[in-house]
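Chain and residue survey
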Amino acid sequence: MAETVLENSAAKAGGSDDSHYVIPPPALPALPVRGSDRRFPIHRIYCVGRNYAAHAIEMGHDPDREPPFFFQKNPDTVVGDGETIPYPDKTGDVHHEVELVVALSAGGKDIPVERALSHVYGYAVGLDLTRRDLQGEAKKMGRPWEVGKAFDFSAPCSEVVPAADIGHPGRGAIWLEVGNERRQDGDLEQMIWKVPEVIATLSGLFTLAPGDLIYSGTPAGVGAVERGDRLHGAVAGVGEITIQVA
Ligand code: MN
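Residues numbered from 1 in each chain as written. Predicted model: local features only at pLDDT ≥ 70, side-chain atom pairs only at ≥ 80, totals over all residues. Heavy atoms only, no water.

What follows covers unusual backbone geometry. Of note in this structure, Lys-90 is not a glycine but carries a positive phi near 60°. Looking at the element boundaries, Lys-90 is found in the loop between strand S6 (84-85) and strand S7 (94-96). Non-glycine residue Phe-153 carries a positive phi angle of around 65°. Looking at the element boundaries, Phe-153 is found in the loop between helix H5 (146-149) and strand S11 (155-157). (Helix = DSSP H or I, 4+ residues; strand = E, 2+ residues; numbered from the N terminus.)

Bringing the packing of aromatic side chains into the picture now. Overall, the coordinates contain five aromatic pairs when judged by the stated rule. A ring pair is formed by Phe-70 and Trp-193, whose centres lie 5.8 Å apart and whose planes are at 35°; its orientation type is tilted. Of this pair, Phe-70 sits in strand S4 (residues 69-73) while Trp-193 sits in the loop between strand S14 (181-187) and helix H7 (195-205), and the two are 123 residues apart along the sequence. The class for Phe-70 is buried, based on a relative accessible area of 19%. Seen in terms of ring centroids, Phe-71 and Trp-145 are 5.5 Å apart; in terms of plane orientation they differ by 55°. Their pairing is tilted. Placement of Phe-71 in strand S4 and of Trp-145 in the loop between helix H4 (132-141) and H5 is noted, with a sequence separation of 74 residues between them. (Phe/Tyr/Trp six-rings, centres within 6.5 Å; stacked < 30°, edge-to-face > 60°. Buried < 20%, exposed > 50% of the residue type's maximum accessible area, 1.4 Å probe, protein only.)

Here the focus is the coordination of the manganese ion. The protein atoms that coordinate the manganese ion are Glu-97 (OE), Glu-99 (OE) and Asp-128 (OD), at distances of 2.1 to 2.2 Å. Summarised as a motif, the one-chain spacing of the donors to the manganese ion is E-x1-E-x28-D. One end of the pair, Glu-97, is in the loop between S7 and strand S8 (98-104); the other, Asp-128, is in the loop between strand S9 (120-127) and strand S10 (130-131), and 31 residues separate them in sequence. For Glu-97, a relative accessible area of 4% translates into the label buried. For Asp-128, a relative accessible area of 0% translates into the label buried. (Donors = N, O, S within 2.8 Å, 3.2 Å for Na, K, Ca; no water.)

Further remarks concern H4. Taken together, the buried positions of H4 are Arg-132, Leu-134, Gln-135 and Ala-138. Taken down its axis, H4 places every buried residue within 160° of arc, on the same side. Those residues of H4 hidden inside the fold are in contact with helix H3 (53-58), S7, S10 and H5. Just downstream of H4, Gly-142 is the residue with a positive phi angle, here 65°. (Arc of directions from axis to C-beta. Contact = heavy atoms within 4.5 Å.)

Our focus in this paragraph is the sheet that holds strand S17 (residues 230-235). Working definition: the strands of a sheet are paired by backbone hydrogen bonds and lie parallel or antiparallel to each other. Taken in spatial order, the five strands make up an open sheet running S6-S18-S17-S13-S14, and their pairing is mixed. Of all the strands in the sheet, just S6 and S14 have a single pairing partner and so form its edges. Strand direction decides the pairing type here: strand S13 (residues 173-178) and S14, joined by six bridges, are antiparallel. Note that in S14 the partner of Ile-174 across the bridge is Gly-186. (Pairing = 2+ DSSP bridges.)

Right, dumping it as structure tokens:
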């Protein structure tokens, strides 16, 4: 796992004493914050599925009939901007999904839509890497999605940009290039559930907490990642991320 992400270990961050534990406590995953030498600590990672109509259609679903839904990745699957990741194991069909990531500074249950944005610390650009073949098998068999979604290095994420600096982007280009080829090209305003609705709905299902990241769904154009590919994603007004696949 990338040292840039994990160097801020729980022991260092909290000043806790390792001798309280039978094994060394796991490191606390964290992301850099633009304009700060302090980092954003990651609690949980929630992801929204099929939150752009065109992507729902390309995956064979009817966005008018099936509302978006949620799944999770593990915090230690985050990889920082500029890192090189291995091609994932046990798959021959890894897909890229570029997404706006929402970073929460406050949590709670049943957060009203109109107060949702006050819980946001900032935003980032993320990649929801997917072992599409294993996900497809899981769908077909009615099995959980973790093997398709929550594998090692599956959640690359850029630095976090404070909402205090950029506001709350509701529209703007979101795109991904593989090498020099533009693969995904959408706009945040195409989201079926906007960020406040995502937070409100999610907080009815889970108690949200400071440090939660929400990958808010991907526009159309998802496709295969090959060994040696360079992935370059961006959200206008938020930032960019570049990941090299070994
Ligand atoms: Mn996704």
